[in-house]
Amino acid sequence: MSTLTLASDPQDAAAAEAVEAHHTQLAGELAGRVTLLVAAAERDPATADGVRAGLVDFCDRDLVPHATAEEDTLYPAARALPEARLLVESMIAEHRRLVALVDALRAGGNAVRAAADGRALQVLFEEHLEKENTLVLPLLAGAPDISLAGLLAGMHDLLGHEHGPQETAAASGGGCGGSCGCGGSDDTDVPELDVRDIPHSLRHATVFGAVAAVPSGSAMTLVAPHDPLPLLAQIEDRHPGAFAVEYLERGPEAWRLLLTHR
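The residue numbering used here restarts from 1 in each chain and proceeds along that chain's sequence as written. Where local features are concerned, this predicted model is filtered to residues with pLDDT of at least 70; where side-chain atom pairs are given and counted, the filter is 80 or more; whole-chain, interface and lining totals use all residues. As a rule here, side-chain values come from all non-hydrogen atoms in the structure, and water together with hydrogens is ignored.

1. A few points about the overall build of the protein
Counting its regular elements, the protein contains 11 helices and four strands. Out of the 262 residues belonging to the protein, those deemed buried represent 49%. When contacts within the protein are restricted to residue pairs at least 6 apart in sequence, long-range pairs at least 24 apart make up 76% of them. Per-residue accessibility takes into account occlusion by the displayed protein chains alone, with areas from the Shrake-Rupley method and a 1.4 Å probe. A total of about 11,500 Å² of accessible surface is found on the protein, and carbon and sulfur atoms cover 55% of it. Under the DSSP-based scheme used, a helix requires at least four consecutive residues in state H or I and a strand at least two consecutive residues in state E, with every element numbered from the N terminus. Accessibility here uses a 1.4 Å probe with only protein chains present; expressed as a share of the type maximum, an area under 20% marks a residue as buried, one over 50% as exposed, and anything in between as partly exposed. Contacts: residue pairs with any heavy atoms within 4.5 Å of one another.

What follows is the structure in structure tokens.
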């Protein structure tokens, strides 16, 4: 059953959908950054520390504040519902484990350990968001005495408004057309991100996270199921002039592009 069906009024339904959209954005960007960290650990451990530091910065800037905002707004209201009390306690415990994994990444260590911590963080976060989307938000949206829209009013860390409307379109795979330049980088032994098996709702956000993790002077290969012109336009909007793009393969089953961070 959808959140819209369970919501007690249209404003609460819209608020739940906005939180879910921000969850998609966070999960996608985290997945992209972790993918690059794992690839660096496997292919070029010397570059892994920079990718790890970028992942920690993303967590400090976006992921952890989101969790804190939930504990300040959503969770107290949900805890007041008898059927949600134990659920909320378990969600808070998961927040503590998420923060512990971020701290483990912050502490450094070898590339293999960092990759393992990053993957554990990704798995836990995705499972956590699934419970929030399917359990916590529907309970709050359906409670007649709770205004979910009122709880979320102005909460940028929960709704992602600081990223603007383009970010929401990107997370859902939307966007406008664009063009790209050409790069001459060698694609030998560079990390590859194949988005064909990534859920469509996460695809663009995952690429944004991966692209943000590519160090200057390095490159990544993107594999897509179609010519990703809208995505390239969005990357250019986010990182003007930072990436040269070279097509390595142009379909029909896959488009492979080399993105080089100048």
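There is more to say after this.
2. Quick word on the sheet that holds strand S2 (residues 219–224)
At least two bridges found by DSSP between two strands is the condition for calling them paired. Pairing within the open sheet is mixed, and its four strands lie in the order S1-S2-S4-S3. A single partner strand is all that each edge strand has here, and the edge strands are strand S1 (192–194) and strand S3 (243–250). Ignoring strand direction, the axes of neighbouring strands in this sheet form an average angle of 20°. As defined by bridge partners, S2 adjoins strand S4 (residues 255–261) across six bridges and the pair is classed as antiparallel. The partner of Leu222 across the bridge, within S4, is Leu257. Only the stretch in contact is used when fitting a helix axis, every axis being a line fitted to C-alpha atoms; angles between N-to-C directions are given from 0 to 180 degrees. Those strands touched by helix H11 (residues 229–238) are S2, S3 and S4, and its axis lies near 165° from that of S3.

3. Description of helix H3 (residues 45–72)
In a regular helix each residue adds 1.5 Å, so 28 residues correspond to 40 Å; H3 covers 39 Å between its end C-alpha atoms and thus fits that length. At Cys59, H3 is bent by approximately 45°, the largest bend along its length. To estimate how far a helix should reach, multiply one less than its number of residues by 1.5 Å. The reported bend at a residue is simply the angle between two axes, fitted to the 7 residues ending at it and to the 7 residues beginning with it.

4. With respect to the packing of helix H5 (residues 85–106) against helix H6 (residues 111–142)
The geometry of H5 relative to H6 is characterised by a closest axis approach of 10 Å and an angle of 155° between their N-to-C directions. Overall, the two elements H5 and H6 adopt an arrangement that is roughly antiparallel. For H5 against H6, the interelement crossing comes out left-handed. Residues are grouped as follows: nonpolar covers Ala, Val, Leu, Ile, Met, Phe, Trp, Tyr, Cys and Pro; charged covers Asp, Glu, Lys and Arg; every other residue, Gly included, is treated as polar. Looking at the contact of H5 with H6 residue by residue, the class counts come to 15 nonpolar, three polar and five charged. Any angle from 65 to 115 degrees is called roughly perpendicular, while one under 35 is roughly parallel, one over 145 is roughly antiparallel, and all others are oblique. Crossing handedness follows the turn of the near helix against the far one: under a right angle anticlockwise gives a left-handed crossing, and clockwise gives a right-handed one.

5. Notes on the nonpolar core
By convention a nonpolar core is built from buried Ala, Val, Leu, Ile, Met, Phe, Trp, Tyr and Cys residues, the set being connected through side-chain atoms within 4.5 Å. Within the largest apolar cluster, 50 residues are counted, with the highest numbers of intra-cluster contacts made by Met220 and Leu259. The element contributing the most residues to this core is helix H2 (residues 10–43), with nine residues. Not counting residues within four places of it along the chain, the set of residues in contact with Leu259 comprises Val211, Ser218, Ala219, Met220, Leu222, Ile235, Phe243, Ala244 and Val245. Residues Leu81, Leu140, Ala141 and Leu158 belong to the second largest nonpolar core, which totals 24 residues.

6. Quick notes on the environment of Glu71
With respect to the helices and strands, Glu71 occurs in helix H3. Residue Glu71 is classed as partly exposed on the basis of its relative accessible area of 21%. Setting aside anything within four residues of it in sequence, one finds Glu71 in contact with Pro76, Ile92, His95 and Arg96. Here a polar contact means two N or O atoms within 3.5 Å. Within protein one must be a hydrogen donor candidate and the other an acceptor candidate, and residues neighboring in sequence count only if both atoms are side-chain atoms. Polar side-chain contacts of Glu71 include one of 2.8 Å to the side chain of Arg96.

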